[in-house]
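Commentary on secondary and tertiary structure
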Amino acid sequence: VALPVNDIIFEGEGGSGFITSGAFPIMFDLNGKNGITFRNLKFTADHANCTAISDGGVAHSFDLTVESCQFLQGAQAWFSAIVLTDNASPNAGHIVRDCQIFSTDRGIFIERPETCLVSHCLVNEVGVVGTYGIEISNTAYAGEGHSVVESCSVQGYEVGVQLTGESHVLRDSFLAGS
C-alpha cells in the first residue's frame, strides 16, 4: 500500500493487525508522506522477503512514529521490519518505541538519520548470517546524526547495533549473540 496523504494514524486495539497477503516487497510504502503513525498493531509475515514499513528508498518522509507494535513471524519471517533508506536528504524525527521485531535481515534500518529515536524495543533475528538488528546509517554524512538507541534488547544478528555518523548514542541496551 502506497500511502496517499500526510498525517495518517493507524491505531489498533485488541489484537488488530495486518498480514501479508501476497509476495509484495513492501507492506506499507510511506511514499514521501510525513507524520505517519502506526500504534498498537501486529504485523504478521506470511511471505518471504517482505518489509513491513519502508520509504521504498526513493521518496523522503519525516516524523514516522511506530509504537507498541509487533512484527511477527507467520508462515515466514519479515526480511526487515522498518527500512528508511532514501538518502537524498536526512531522515528526521523518526521514532520507533516499545516494539517487538522478528526479522531475518534487518530489524530497523534508518539511512541518514537526524534526531531519530529507537527506544525500548526487542529485536530478534530468526536464522540468517550477515544481518543487522538496528542499523543507524551505513554511511557517515557530515553534520548529521544525533540519534539515540536506548533500552533495547537485540539478539541473534551478526551485528547487533551499528551507528555510523556523528553524535549517535547507544545506551542501556542488551546485545546477545551478536
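Residues numbered from 1 in each chain as written. Predicted model: local features only at pLDDT ≥ 70, side-chain atom pairs only at ≥ 80, totals over all residues. Heavy atoms only, no water.

Okay, the nonpolar core next. Core analysis: the biggest nonpolar cluster contains 38 residues, and Phe38, Phe43, Ile53, Phe71 and Ile134 have the highest contact counts within it. Element by element, the count of residues in this core is highest for strand S9 (residues 78–84), at 4 residues. If near-sequence neighbours (up to four positions away) are discounted, Phe43 is found in contact with Phe18, Met27, Phe28, Phe38, Ala52, Ile53, Cys69, Gln70, Phe71, Leu72 and Trp78. (Core = buried A, V, L, I, M, F, W, Y, C linked by side-chain atoms within 4.5 Å. Buried < 20%, exposed > 50% of the residue type's maximum accessible area, 1.4 Å probe, protein only. Helix = DSSP H or I, 4+ residues; strand = E, 2+ residues; numbered from the N terminus. Contact = heavy atoms within 4.5 Å.)

A few words on the packing of aromatic side chains. As enumerated under the stated definition, the model contains 9 aromatic pairs in all. Summarising the aromatic geometry, the rings of Phe10 and Phe38 are spaced 4.9 Å apart at their centres and angled 5° between planes, so their arrangement reads as stacked. Of this pair, Phe10 sits in strand S1 (residues 9–11) while Phe38 sits in strand S4 (residues 37–39); the two residues are 28 residues apart in sequence, bridging distant segments of the chain. Each member of the pair, Phe10 as well as Phe38, carries the same accessibility label: buried. Residue placement shows Arg106 over the ring face of Phe109; its charged tip is 4.9 Å from the ring centre. (Phe/Tyr/Trp six-rings, centres within 6.5 Å; stacked < 30°, edge-to-face > 60°. Lys NZ or Arg CZ within 6 Å of the ring centre and 35° of its normal.)

Examined against the element boundaries, Ser80 turns out to sit in strand S9. Engagement of the side chain of Ser80 in a polar contact is seen with the backbone oxygen of Arg106, the distance being 3.3 Å. Apart from residues lying up to four places away in sequence, Ser80 is in contact with Cys50, Thr51, Ala52, Ser103, Asp105, Arg106 and Gly107. (Polar contact = N/O pair within 3.5 Å; in protein donor to acceptor, adjacent residues only side chain to side chain.)

Here we have 7 strands laid out as an open sheet, ordered S1-S4-S7-S11-S14-S17-S20, and parallel in their pairing. Of all the strands in the sheet, the pair left with one neighbour each is S1 and strand S20 (169–171). Within this sheet the neighbouring strands show an average axis-to-axis angle of 5°, counted without direction. (Pairing = 2+ DSSP bridges. Axes fitted to C-alpha atoms, helices over the stretch in contact; angles between N-to-C directions.)

Glancing now at unusual backbone geometry. A positive phi angle, near 60°, is found at Asp7, a position not held by glycine. When you line up the elements, Asp7 lands in the segment before S1. Judged by relative accessible area, Asp7 falls into the exposed class, the value being 59%.

Sheet faces and side chains relate simply in a regular strand, where the side chains alternate between the two faces. The pairing of strand S3 (residues 26–29) with strand S6 (residues 51–54) spans 3 bridges and is classified as parallel. Looking across to S6, one finds that Ile26 is bridged to Thr51. As defined by bridge partners, S6 adjoins S9 across 3 bridges and the pair is classed as parallel. Counted as the bridge partner of Ser54 is Val83 from S9.

Below, the discussion takes up the pairing of strand S8 (residues 70–73). Relative to S8, strand S5 (residues 42–45) runs parallel, the two being bridged by 4 bridges. The residue bridging Ala45 from the neighbouring strand is Gln73, located in S8.

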